[in-house]
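# What the coordinates show
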Amino acid sequence: MTYMEKILAFLTSASFITSVISIVLCYILLAVLKGVYRSFNKQNEQEAGLRDRIAPTSYKIIRWIIIALTVLIVLQAYGINLSSMFTGLGVVSIVAGLALQDFFKDVVMGMHIMSHHFYKVGDIVTIGDFEGRVLEFNLQTTKIESIEDLSIRTICNREITKATLTSDLTDFRLPLSYDLKLSEVDTIMAEITRRAEQNEDIRKCTFVGTDEFADSAIYYRIRLLVAPDRRYGALRSLRRIVQEVLEEHHTSIPYNQLDIHSK
């Protein structure tokens, strides 16, 4: 067989044709993936945390998976026995999987949070017993700054089973004496809500109505519309207003009372 015949035989062999097709398909898939990634970036320019941290990682992972599969197909096409290689890799994978299982749990939950739009950087959220503003978010961790004392907590994504986006609505329950007439209660509440709305942090203050008939007092509900990160200051201001108004109307919050009856 001449040199040209050997070259022709190689170029027309099933191994070479399979390899060429695999490489071409790999190139096409990578080009499509790159186009999708660029389109995603343009559509999500306002989602800085999502675009800058999560999307590049996902893009790199998928790209390397495509390249690795292409290499394996090419090696298999040329008759390279991959069985022993996979056997060794299987043992290594089991050990690595056990060592990195927490890492994989974080990544999977991070992708779940991203795909279901649990939250984004800047949102006020409650995760477990911690409420604060999301400072950073990636596939492994979420960093939150408390709205109460500005402490910062970093939470592994695997520990996040649910996250609640905090509403602007905040309720305040005010106990008043049974001796007060409804007209007096309405007057007191009207004055409290009027003064509360003068606070720049409180966008709206509404007297909702009677909330509970307790043993020593009737509880009335006041509803505030205030940004979550302003809530604690707004509530302190509201409590001060309540004290002032009750003092002006010569009434006070009743103490718990215990009635004892003897024969």
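Rules used throughout
- Residues numbered from 1 in each chain as written.
- Predicted model: local features only at pLDDT ≥ 70, side-chain atom pairs only at ≥ 80, totals over all residues.
- Heavy atoms only, no water.
- Phe/Tyr/Trp six-rings, centres within 6.5 Å; stacked < 30°, edge-to-face > 60°.
- Helix = DSSP H or I, 4+ residues; strand = E, 2+ residues; numbered from the N terminus.
- Salt bridge = Lys/Arg side-chain N within 4 Å of Asp/Glu carboxyl O.
- Buried < 20%, exposed > 50% of the residue type's maximum accessible area, 1.4 Å probe, protein only.
- Expected span 1.5 Å × (residues − 1).
- Arc of directions from axis to C-beta.
- Contact = heavy atoms within 4.5 Å.

The tally for this structure, following the rule as stated, stands at 2 aromatic pairs. Both rings, one in Tyr-119 and one in Phe-137, keep their centres 5.5 Å apart while their planes meet at 75°; by these two values the pair is edge-to-face. Taken together, the residues Tyr-119 in the loop between helix H5 (101–115) and strand E1 (124–127) and Phe-137 in strand E2 (residues 130–137) connect sequence positions 18 residues apart. A ring pair is formed by Phe-207 and Tyr-220, whose centres lie 6.1 Å apart and whose planes are at 55°; its orientation type is tilted. Here Phe-207 is found in strand E7 (residues 202–213), whereas its partner Tyr-220 is found in strand E8 (residues 218–226), with 13 residues between them in sequence.

Applying the stated criterion across every chain yields a total of 15 salt bridges. Residue Asp-171 is joined to Arg-223 by a salt bridge in which the shortest nitrogen-to-oxygen separation is 2.7 Å. One end of the pair, Asp-171, is in strand E6 (residues 169–176); the other, Arg-223, is in strand E8, and 52 residues separate them in sequence. Relative accessible area serves as the criterion here: at 31%, Asp-171 is assigned to the partly exposed category. A salt bridge links Arg-221 to Asp-211, with the shortest nitrogen-to-oxygen separation between them at 2.9 Å. Of this pair, Arg-221 sits in strand E8 while Asp-211 is found in strand E7, placing the two residues 10 residues apart along the sequence. The network of salt bridges with common partners includes Asp-171, Arg-173, Asp-211, Glu-212, Arg-221 and Arg-223.

With that out of the way, let us pick up H5. Residues separated by three or four positions in an α-helix point in the same direction, a consequence of the helix having 3.6 residues per turn. In this model H5 runs 21 Å from its N-terminal to its C-terminal C-alpha over 15 residues, within 8% of the 21 Å that 1.5 Å per residue would give. Considered for burial, the residues of H5 that qualify are Asp-106, Val-107, Met-109, Gly-110, Ile-113 and Met-114. A positive phi of about 55° marks His-117, the residue just after H5.

Turning our eyes to something else, we now look at helix H7 (residues 231–248). In a regular helix each residue adds 1.5 Å, so 18 residues correspond to 26 Å; H7 covers 26 Å between its end C-alpha atoms and thus fits that length. Taken together, the buried positions of H7 are occupied by Arg-231, Ala-234, Leu-235, Leu-238, Ile-241, Val-242, Val-245 and Leu-246. Projected down its long axis, H7 shows its buried positions confined to an angular sector of 125°, all on one face. Of the exposed residues in H7, those oriented more than 90 degrees away from the buried face are Arg-236, Arg-240, Gln-243 and Glu-247. At its buried positions, H7 is contacted by E2, E6, helix H6 (182–196), E7 and E8. Downstream of H7 by a residue or two, His-250 has a phi angle that is positive, lying close to 55°.

Keep in mind these values describe shape, not function.
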